[in-house]
Amino acid sequence: MVPISYYLVLAAILFSIGVGSFLIKRNVITIFMSIELMLNAVNLTFVAFAHMWGNLSGQIFVFFVMVVAAAEAAVGLAIIISIFRTRETLSVDQVNLLKL
Amino acid sequence: MTPMSPHLLWLIPLLPFAGFLANGLLGRKLPRSAVSGIALLCTALPLALVAWLVATFHAEHLLSLMTGHHAWIEISGFQVPYSLAVDHLTLVMLTVVTGVGFLIHVYSAGYMAHEEGYWRFFAYLNLFMFFMLTLVLAANFLLLFVGWEGVGLASYLLIGFYFTKDAAANAGKKAFIVNRIGDFGFLLAMFLLISHFGSLSFASVFAQVSMHPALQGGFLTAIALFLVLGATGKSAQIPLYIWLPDAMEGPTPVSALIHAATMVTAGIYMVARCHVIFDQSPFALGVVAIIGAATAIFAASIGIVQTDIKRVLAYSTVSQLGYMFLACGVAAYSAAIFHLVTHAFFKALLFLAAGSVIHALGGEQDMRRMGGLRHRIPVTFWTMTAGVFAIAGFPPLSGFFSKDEILYQAFASPNPLGKLLWAVGLLTALMTSFYMFRLWYLTFFGAQRFEEHAAGHTHEAGHDDAHAAHSHGVHESPWSMLAPLVILALLAIAGGWIGIPKALGGSNHFEHFLDPVFARAAEPLSTVPVSYTLERILACISVLAAVLGLFLADYFYRRRPDAAAKLSRSFSGLHTTLLHKYWVDEIYAKIIVMPLMMLSRYVLFYVVDKGVVEGSAATAAAGTRGLGSVLRRMQSGNIRSYAGWLAVGAALLLAVTIFGRAILVRF
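The shown structure was predicted, so the numbers you read here are calculated from the model rather than taken from an experiment.

Visitor: I'd like to hear about the overall build of chain A, residue by residue, with values.
Guide: In terms of regular secondary structure, chain A is built from three helices and zero strands. Relative to a compact globule of 100 residues, whose C-alpha radius of gyration would be 13 Å, chain A shows 17 Å and is clearly more extended. By the burial criterion, 10% of the 100 residues in chain A qualify as buried. Counting contacts in chain A only where the partners sit at least 6 residues apart, residues at least 24 apart contribute 48% of the total.

Structure (structure tokens):
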């Protein structure tokens, strides 16, 4: 039996990688991927805790998160394509029209 | 006649206020006849109401009449109602104020006929009537104070009526500021009254004072002295008399109404009204008597050398007010009020007659450029003659009886200074007689010292009353001006007959009329044996003084006109001192005004205003700007930096939730 802390540490590592790459990377697609990474890190903790307490609601929550993530991916990708079409770049530093 | 309902008392002050509103708001568009019509109506109706009131009092043998109590200020137990009260003292004041006020309104309609701002003048005059009537009708100190401040305001507005003229504007400000000093004393007195008696109503305060007279000695003296300070401001006594002579910059009817007959007597009225307090404080009474006597002789001596006809009358007013103060100071309140009444008659008459002279000469006020007017303006001459003889104290004119009453009361008073006060009063009477006959001779007798046709056009910048435009040489005034003069002349002659003392065969109705108000005040005097012989001798002495004044003036200003100049040369030091009014204005300017100006400029302006106030505002602005320039960098617009702050914040929150409890527990 793998102790719960292993799962949690792995999830923390995954989440930190997600946060770090979200902050560092300029490419919108990479940023998008790091968001997915953070979501999945959270999913992992859900599943781990659900297993630990023998409670299914955590697992059900994971399904919801995945559904929402899929929807979000669809909308997000559409936005990215639209941005690329108009500005011909995927670098977030150059998409700064709202900045003063 | 049906007796008057107390509610109608409100109409007495409110009618002039209505007149003020009507003329003040609409007067600019109304024709002159409508303006003066409104103003006259709004003073005639109160006069009629007062007559009705007097009749009611007489028929019903009333002692007082009060309106209901409507709460005005109510703070945890302490309350001030707005209520009016009438007793015999108020009746006298009401009669004088509305009667003389109405006559002066009539006079003004003629006198101001060619002036700019006709509607403004009558609006202010009605406003003055409103406040003055509030003052005398008030049933508590606070309402009296409202009237007190209000007449000050009206006085300021009317002194500065020719506001384009510097001297007038400055005189208005001077009057207002000097009065503020007195008002400050009045306010302190009211605070003391509240803290000590918990009430400002006359009835309650006076009842408490007379119930425990011994307990409150020092306290009452303090209150009385503060009240005296207030009275010296309003009634132009030493040390605050300096505003009144300057107030002559206002139009002449204003000088007559406000600065001779009514407003300046407010201080006397107030002291008389508070006689219960003063009776308990012999020290304060002594102060009042000394102030009065000093002012009387001081102002009279200045009056001797003044050359401006209105200024002579102004100093004479200050001096006569000093007499009234003197009378209050020897607890002869009814004598003070008696003199107040007769003075209102003859001084209003003198001012209005002087106004008529000025009118005739097209704005000339300098007596050195008058002379020989006796036959040119006969009505003015004869009415003024009545006024001059009345103020000089010739029997049987009004001034004789009232002045004599005061001198007798001073002589007979138990005050250790009584004889000295009497001597000062007598000397003042001599001086009064002298300078009034000097004025009379310089104005109406001797050679004509003005140029006939130029008279209408020598209007100088320093003098008010822009009559130059319509003047065609010397001319008698219109009847709207002469009628009040004639009525006032009759009053100045006969007004004193209401108070002929027993010693001279009368029965002193006036004093008995006021007995219900001053009953307590009369007691101390009864200890002095009443001696008609003494009173008769004193009366003879004061008549002699008046006659001596007449002869001196006759000698110097009619028979030997050069002798006066010679005399003034041989006493040039004294003459210059008098001419400069003892340099009081200059002394005040040096020791009070200058330090205040310095303090204002160098401490209050440069340090407090520029330094502290402006400095703190500037510092606050600079600090905000500096902080902003630092904080602005956080709003970079870079999404990833926001995300970074978000992450840092989340991490901190996490840290607090995990470690915070542990840290808390440790401490």
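Visitor: Describe the overall build of chain B, naming the residues involved and giving the relevant values.
Guide: Assigned secondary structure in chain B consists of 25 helices and four strands. Overall, the C-alpha framework of chain B stretches about 110 × 65 × 55 Å when taken along its three principal axes. Evaluated residue by residue, chain B yields a buried proportion of 50% over its 667 residues. If you take every contact in chain B between residues at least 6 apart in sequence, the share linking residues at least 24 apart comes to 79%.

Visitor: Which residues make up the pairing of strand β3 (residues 78-81) of chain B, and what values go with them?
Guide: By the bridge criterion, four bridges tie strand β2 (residues 71-75) of chain B to β3(B) in an arrangement that is antiparallel. Bridging from a neighbouring strand, B:I73 pairs with B:V80 of β3(B).

Visitor: Residues and numbers for the nonpolar core, please.
Guide: Core analysis: the largest hydrophobic core is formed by 215 residues, its most contacted members being B:F128, B:L227, B:L326, B:A336, B:A348, B:L349 and B:A492. Residue contributions to this core peak at 20 residues, all from helix α15 (residues 333-360) of chain B.

Visitor: Which residues make up the packing of helix α1 (residues 11-26) of chain B against helix α4 (residues 118-137) of chain B, and what are the values?
Guide: Axes are the key here: two packed helices are described by the angle between their axes and the distance separating the axes. Residues and elements named next belong to chain B. Across the interface, α1 lies against α4 with an axial gap of 8 Å and an inter-helix angle of 160 degrees. Here α1 is positioned roughly antiparallel relative to α4, judged by the angle of their axes. As α1 packs across α4, the resulting crossing turns out to be left-handed. Residue-level inspection shows I12, P13, P16, F17, G19, F20, N23 and G24 of α1 in contact with α4, the latter providing W119, F122, A123, N126, L127, M129, F130, L133, T134 and L137. For the contact of α1 with α4, the class distribution of residues is 13 nonpolar, five polar and no charged.

Visitor: Got a sec to walk through helix α2 (residues 28-53) of chain A? Specific residues and values, please.
Guide: Turn by turn, an α-helix covers 3.6 residues, leaving residues three or four places apart pointing in a common direction. With 26 residues, α2(A) ought to run about 38 Å at 1.5 Å a step, and its terminal C-alpha atoms sit 38 Å apart, in line with that. Buried within α2(A) are the following residues: A:I31, A:S34, A:L39, A:A41, A:N43 and A:F46.

Visitor: Outline the confidence of the model for chain B, listing residues and values.
Guide: Residues and elements named next belong to chain B. Predicted confidence across chain B gives a mean pLDDT of 87, with 94% of residues reaching 70 or more. At the low end of the mean pLDDT range in chain B sits helix α20 (residues 509-526), at 69; at the high end sits α4, at 94. Here residues 454-471 scores under 50 on pLDDT; set against residues more than four positions off or in separate chains, the count is 41 contacts. Predicted as a complex, the structure gets a pTM of 0.79 and an ipTM equal to 0.79.

Visitor: Any details on the pairing of β2(B)? Residues and values, ideally.
Guide: β2(B) sits mainly on the outside: zero of its five residues count as buried. From the end of β2(B) to the start of β3(B), which pair antiparallel, there are two residues, and B:S76 there has a positive phi angle of about 30 degrees.

Visitor: So what about the environment of B:P595? Which residues, and what values?
Guide: Residue and element names in this part refer to chain B. Examined against the element boundaries, P595 turns out to sit in helix α24 (residues 584-631). What makes P595 exposed here is the crowd of 10 C-beta atoms within 10 Å. With 317 residues separating them along the chain, P595 and F278 place their C-alpha atoms 35 Å apart.

Visitor: Break down the environment of B:M66 for me, with residues and values.
Guide: Residues and elements named next belong to chain B. Inspection of the secondary structure assignment puts M66 in strand β1 (residues 65-66). The exposure class assigned to M66 is partly exposed, which follows from the 14 C-beta atoms found within 10 Å. Separated by 71 residues in sequence, M66 and L137 have C-alpha atoms that sit 9.5 Å apart. The residues touching M66, leaving out its near neighbours within four places in the chain, are P6, S83, A85 and A139.

Visitor: Hey, could you go over helix α18 (residues 418-444) of chain B for me, with residue numbers and the actual values?
Guide: Residues and elements named next belong to chain B. The end-to-end C-alpha distance of α18 is 38 Å, a good match for the 39 Å that 27 residues give at a rise of 1.5 Å each. Taking burial as the measure, the 27 residues of α18 include 22 buried ones, the bulk of the element. Following α18 by one or two positions, G446 has its phi on the positive side, about 70 degrees.

Visitor: Explain unusual backbone geometry to me, and be specific about the residues and the numbers.
Guide: Residue and element names in this part refer to chain B. Along the chain, I238 connects to P239 via a cis peptide bond; the corresponding omega equals 5 degrees. Along the chain, the position of P239 falls in the loop between α8 (217-234) and α9 (243-246). Residue P396 is reached from P395 by a cis peptide bond, and omega for that bond is 0 degrees. Within the chain, H61 stands out as a residue other than glycine whose phi angle is a positive 50 degrees. With respect to the secondary-structure elements, H61 resides in the loop between α2 (32-60) and β1. According to the C-beta neighbour criterion, H61 is exposed, with 6 such atoms within 10 Å. Positive phi values are uncommon outside glycine, yet W583 reaches one of about 55 degrees. Structurally, the position occupied by W583 is in the loop between α23 (572-579) and α24. When the 12 C-beta atoms within 10 Å are taken as the criterion, W583 is described as exposed.

Visitor: Quick one: what's the story with the packing of helix α1 (residues 4-24) of chain A against α2(A), residue by residue and with numbers?
Guide: All names here are of chain A. Two elements in contact, α1 and α2, have axes whose closest approach is 8 Å; the angle formed by their N-to-C orientations is 165 degrees. If you check the angle between α1 and α2, you find them roughly antiparallel. Crossing of α1 against α2: the hand is left-handed. Between α1 and α2, the contacting residues are I4, Y7, L8, L10, A11, L14, F15, I17, G18, V19, S21 and F22 on the first element and T30, I31, S34, I35, L37, M38, N40, A41, L44, T45, A48 and M52 on the second. Class assignment for the residues of the contact of α1 with α2 results in 18 nonpolar, six polar and no charged.

What counts, and at which threshold
Residue positions within a chain follow its written sequence, with the count starting from 1. Chain labels run from A onward and ligand labels from 1 onward, assigned in the order the entries are written. Totals for whole chains, interfaces and linings use every residue, but because this is a predicted model, local features are given only for residues with pLDDT of at least 70 and side-chain atom pairs only at 80 or more, for both listing and counting. Under the DSSP-based scheme used, a helix requires at least four consecutive residues in state H or I and a strand at least two consecutive residues in state E, with every element numbered from the N terminus. Radius of gyration: over C-alpha atoms. The globule rule applied is 2.2 Å multiplied by the number of residues raised to the 0.38 power. With C-beta atoms placed from the backbone, a residue counts as buried when 20 or more other C-beta atoms lie within 10 Å of its own, as exposed when 12 or fewer do, and as partly exposed for counts between those limits. Placing a C-beta atom from the backbone of each residue, one calls two residues in contact when those atoms lie within 7 Å. Strands qualify as paired when DSSP identifies two bridges or more between them. Structurally, a nonpolar core is described as a collection of buried Ala, Val, Leu, Ile, Met, Phe, Trp, Tyr and Cys residues joined by way of C-beta atoms within 7 Å. What counts as an axis is a line fitted to C-alpha atoms, over the stretch in contact for a helix, and the angles between N-to-C directions run from 0 to 180 degrees. Reported orientations rely on four angle classes, namely roughly parallel under 35 degrees, roughly antiparallel over 145, roughly perpendicular from 65 to 115, and oblique for the rest. Should the near helix be turned counterclockwise from the far one by less than a right angle, the crossing is left-handed, whereas a clockwise turn marks it as right-handed. In the scheme used here, Gly and all other residues not listed as nonpolar or charged are polar, with Ala, Val, Leu, Ile, Met, Phe, Trp, Tyr, Cys and Pro taken as nonpolar and Asp, Glu, Lys and Arg as charged. Here, expected helix span is obtained from the residue count minus one, scaled by 1.5 Å. The score called pLDDT rates the predictor's confidence residue by residue, from a low of 0 to a high of 100.

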